[in-house]
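Overview (structure and organization)
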Amino acid sequence: MQPMNDAERARLRQSLVGNFLLLLFGLGVLGFLVAVDRAEWFTLRPVSGTSVALSKAATVRTDGKAAIVEETAKR
């Protein structure tokens, strides 16, 4: 086996870095396409009963004498 000179090492290093960057780009595109298809993963939903109550309390509008609670879409 012949020892590698500096030019061969540099070429091998550039090749490995290029392949790694191409892999990262492919994984990024794959992650983007999966995220676009699964939009429901990014909706905020209340976790506990307390957070549901706080959410409903924040959406209360006063209209004259009575308070009207806006209906929230349930999924």
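Residues numbered from 1 in each chain as written. Predicted model: local features only at pLDDT ≥ 70, side-chain atom pairs only at ≥ 80, totals over all residues. Heavy atoms only, no water.

1. Some points on the overall build of the chain
Secondary structure summary: the chain contains two helices and two strands in total. Starting at the N terminus, the α and β elements of the chain follow one another as α-α-β-β. With an accessible surface of roughly 7300 Å², the chain has 63% of that area assigned to carbon and sulfur atoms. (Helix = DSSP H or I, 4+ residues; strand = E, 2+ residues; numbered from the N terminus. Areas by Shrake-Rupley, 256 points an atom, 1.4 Å probe, with all protein chains shown as cover.)

2. A closer look at the pattern of salt bridges
One side chain can pair with another of opposite charge once the charged atoms of both are near each other. This structure, assessed with the given rule, holds one salt bridge. Put simply, Asp6 and Arg9 hold a salt bridge, and the shortest N to O gap is 3.4 Å. Here Arg9 and Asp6 lie together in helix H1 (residues 6-37), a separation of three residues that amounts to about one turn. You can call Asp6 exposed: its relative accessible area is 61%. (Salt bridge = Lys/Arg side-chain N within 4 Å of Asp/Glu carboxyl O. Buried < 20%, exposed > 50% of the residue type's maximum accessible area, 1.4 Å probe, protein only.)

3. Concerning a nonpolar patch on the surface
Taken together, Val17, Phe20, Leu21, Leu23, Leu24, Leu27, Leu30, Val34, Trp41 and Phe42 make up a surface patch of nonpolar side chains, about 1000 Å² in accessible area. On the secondary structure map, Leu21 appears in helix H1. (Patch = residues over 30% accessible without salt bridge, like charges linked within 9 Å, V, L, I, M, F, W, Y side chains within 5 Å.)

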